[in-house]
Amino acid sequence: MNAENKTARLGAVYQAESADDVARVYDSWAEKYDDDMSLAGYRHPAISLAILARHVPKGEEPLLDAGAGTGLIGEWLAITGYSNVDALDISAGMLAVAERKAVYKGLHKAALGSTLPFKDNQFSAIISAGVFTSGHVGVEGLDDLLRVCAPGGIIVLTVKDVLWQASFSGRIAELEAAGVLKLIDDTGPYVSMPGEVGTTPSRCIALKVS
């Protein structure tokens, strides 16, 4: 595996300027994504799953993997006993890889930040790793996740720390003050890809929906 090609693919994702750009990059990357992220030491799936397991008992269902990509988290959710999970992603190519893993009840192509193809209060928990970051989705992507998460449900997100400092923490504080949700977990900053030079910190948070 060519490390320079991996770095170029990562760079293209973070430099995307529109949802269509993001989808095109991921479509072309889909078949190499799992190998590339393994080389990068990608930590988001493991950390976000650990936070989910801390707050969501097995048997709570259904779950949504928002930004599921190739199904890295879906595989681990299935192994650890979360069996009723839907996948959402912007990239048809990534969802095609995820479908081959046969770990999701349904696969849905849509972009976070738009109106999602789900009913109000549909999911007991939502997990979203590597989506709220540079060139992807900002704090606006949180609103419809809140709509589709049931009262008392848990939303686990990874958030690039520069986004957290710029807008996300303030929005969470506003929603807490309004009684919409409660921030119940926060890892603080960590490096999501220690095998990739120059990776800036992210954090993983858990929200409980009121």
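Preceding block: the structure.
Below, the structure is looked at part by part. Computed from a prediction, not measured in an experiment: that's the story for all the values here.

**With respect to the overall build of the protein chain**
Okay, step 1: Each helix and strand in the protein chain was counted, giving seven helices and seven strands.
Okay, step 2: In the protein chain, buried positions account for 50% of the 210 residues.
Okay, step 3: At a minimum sequence separation of 6, the contacts of the protein chain that also span at least 24 residues come to 69%.
Okay, step 4: With the model as given, the accessible surface of the protein chain reaches about 9,200 Å², and the carbon-plus-sulfur share is 51%.

**Details of the environment of Pro 62**
Okay, step 1: Within the secondary structure, Pro 62 is located in the loop between α3 (44-55) and β1 (63-66).
Okay, step 2: Not counting the four nearest positions on each side in its chain, Pro 62 is found in contact with Asn 84, Gln 122, Phe 123, Ser 124 and Ala 125.

**A look at the side chain of Asp 89**
Okay, step 1: Here Asp 89 is to be found in strand β2 (residues 85-89).
Okay, step 2: A distance of 2.8 Å separates a polar atom in the side chain of Asp 89 from the backbone nitrogen of Gly 69.

**Regarding helix α5 (residues 92-101)**
Okay, step 1: For α5, every residue scored as buried is listed here: Gly 93, Met 94, Leu 95, Val 97 and Ala 98.
Okay, step 2: A distance of 3.3 Å separates the backbone nitrogen of Gly 93 from a side-chain oxygen at the start of α5, and that oxygen is part of Ser 91.
Okay, step 3: In the stretch just after α5, Ala 102 is the one whose phi turns positive, near 55°.

**Points about the pattern of salt bridges**
Okay, step 1: Counted by the stated rule, this structure contains eight salt bridges.
Okay, step 2: For the salt bridge of Arg 171 with Asp 143, the shortest nitrogen-to-oxygen distance reads 3.6 Å. Of this pair, Arg 171 sits in helix α7 (residues 161-177) while Asp 143 sits in helix α6 (residues 142-148), placing them 28 residues apart in sequence.
Okay, step 3: For Asp 143, a relative accessible area of 41% puts it in the partly exposed group.
Okay, step 4: One salt bridge connects Arg 203 with Asp 161, and the closest N-O pair in it is separated by 2.7 Å. On the criterion of sequence distance, the pair formed by Arg 203 in strand β7 (residues 202-209) and Asp 161 in helix α7 is long-range, its members being 42 residues apart.
Okay, step 5: Assessed through its relative accessible area of 13%, Asp 161 is described here as buried.

What counts and how
- Residues numbered from 1 in each chain as written.
- Predicted model: local features only at pLDDT ≥ 70, side-chain atom pairs only at ≥ 80, totals over all residues.
- Heavy atoms only, no water.
- Helix = DSSP H or I, 4+ residues; strand = E, 2+ residues; numbered from the N terminus.
- Buried < 20%, exposed > 50% of the residue type's maximum accessible area, 1.4 Å probe, protein only.
- Contact = heavy atoms within 4.5 Å.
- Areas by Shrake-Rupley, 256 points an atom, 1.4 Å probe, with all protein chains shown as cover.
- Polar contact = N/O pair within 3.5 Å; in protein donor to acceptor, adjacent residues only side chain to side chain.
- Salt bridge = Lys/Arg side-chain N within 4 Å of Asp/Glu carboxyl O.

None of the figures reported here should be taken as evidence of function without further support.
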